[in-house]
Amino acid sequence: MKEALRDRMWVDSSHDLNPDTKLSAVATAWWAQFCESDCSPGTKRVYRERLDAQIIPSMGNVRCRELTIGGVERFLQAVKRNHGAAITKTTRTVLSNICAYAARHDAIDHNPVRETSPLSVKPKKGAAKALTVREVNQLRALMSYDDRAISRDLPALVDVMAATGLRIGETLALVWEAIDLNAGTVEVRGTIIRIKGQGLAIKPEPKTEAGYRTLMLPTWCRDQLKARRARNDRDWGSLNLVFPSAVGTLRDPSNVDHHLKDAFTWAGVPDITSHIFRKTVATLMDKAGLSARAGADQLGHAQVSMTQNTYFGRKVSDTGAAVVLEALDIA
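Report on the accompanying structure.

Conventions and cut-offs
- Residues numbered from 1 in each chain as written.
- Predicted model: local features only at pLDDT ≥ 70, side-chain atom pairs only at ≥ 80, totals over all residues.
- Heavy atoms only, no water.
- Pairing = 2+ DSSP bridges.
- Helix = DSSP H or I, 4+ residues; strand = E, 2+ residues; numbered from the N terminus.
- Core = buried A, V, L, I, M, F, W, Y, C linked by side-chain atoms within 4.5 Å.
- Buried < 20%, exposed > 50% of the residue type's maximum accessible area, 1.4 Å probe, protein only.
- Expected span 1.5 Å × (residues − 1).
- Contact = heavy atoms within 4.5 Å.
- Patch = residues over 30% accessible without salt bridge, like charges linked within 9 Å, V, L, I, M, F, W, Y side chains within 5 Å.
- Areas by Shrake-Rupley, 256 points an atom, 1.4 Å probe, with all protein chains shown as cover.
- Salt bridge = Lys/Arg side-chain N within 4 Å of Asp/Glu carboxyl O.

## Quick look at the sheet that holds strand β1 (residues 179-180)
Strand order in the open sheet formed by 3 strands is β1-β2-β5, with antiparallel pairing between adjacent strands. Because the sheet does not close on itself, it has two edges, and the strands there are β1 and β5 (213-216). Examined bridge by bridge, β1 and strand β2 (residues 185-188) share 2 bridges and lie antiparallel to one another. By the bridge assignment, D180 is partnered in β2 with T185.

What follows is the structure, given as structure tokens:
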């Protein structure tokens, strides 16, 4: 009991953080340091949302000496019940970082989050859905008759995504200087993100380090871009964007995703998203006998396993086994 009272009452006033400090104060100190890191603005935005929506409202008044494994476990289970596994997993990551920061400053003697139940988000069952060449061309043809899609400049956007497998944010961030129309190449330099309090901006780097890449364009796509560049029917804006808004500014990927959903519904395929073109490009490359490494390079994946497991549609495939197993015929 004497040892417990000693540990409970020990407070070193010379330190900003100590066992009596509330978790909200620790979170504030950790956040100030985290903001100086080179993490992407998107990651910072997501972490800030978990701080404001889950951690501080529920755990902010808990003092460091009161943090227990059981208390953290109950908190995370409550988040899981109310918000699902995906948000809980991110919340756990943020809380673990905060507790690790507290431990480094001797406010707690260990990180209780590490001892809580592990969380995993189950991937969707089934093979990656991909379109056939015929389905892609049919969708593109149908969109050319959709007046609303045309007014939103969606058919050309879909053409480029289908020809490259670029993410929607990468496609909207394309500038004409990144496209060599003579060589038929496109350089992926960045992606569009929304920064809280600032608005849309081009993040001068793709989603991952492997996202930096220069891709060859199919001839039909290069010719379309040449014709688009030659027209004077739109304002490319000060950034010289390939796909600017009506007034020459950046377009929000989330809004464009919703517009594409409207167009896909109009075309009779409401169950697909813009990501379908990345999966289609990867699957067509796989069926053509190209390597998984080539597919990863095309999509900007650092790990080949990501391309194989998530983007190759392999529910039905010709592995070559049928030909080999013909030798088992005893007729």
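## Observations concerning the nonpolar core
One finds M143, L225 and L260 to be the most contacted residues of the largest nonpolar core, which totals 42 residues. Taken together, the elements giving at least two residues each to this core come down to α6 (133-143), α8 (154-164), α9 (168-172), β2, α10 (219-230), α11 (253-266) and α12 (276-287). Of the residues forming this core, the biggest block, 7 residues, is contributed by α8. Judged by nonpolar contacts, the second largest core, of 26 residues, contains L51, M59, F75 and V113.

## Observations concerning α10
With 12 residues, α10 extends 17 Å between its outermost C-alpha atoms, agreeing within 8% with the 16 Å of an ideal straight helix rising 1.5 Å per residue. Its buried side turned inward, α10 meets α8 and β1.

## Some details on the pairing of strand β4 (residues 199-203)
Bridge count between strand β3 (residues 191-195) and β4: 5 bridges; the pairing is antiparallel. Counted as the bridge partner of T191 is K203 from β4. Counted along the chain from β3 to the antiparallel partner β4, the turn is 3 residues long, and its residue G197 has a positive phi close to 85 degrees.

## Overview of a nonpolar patch on the surface
Side chains of L142, Y145 and W266 sit close together on the surface and give an oily, nonpolar patch of about 370 Å² of accessible area. Residue classification places W266 among the partly exposed residues on the basis of a relative accessible area of 46%.

## Examining the side chain of Q298
Following the sequence through the fold, Q298 ends up in helix α13 (residues 292-299). Q298 has contacts with T164, R213, L215, V281 and M285, leaving out every residue within four places of it along the chain.

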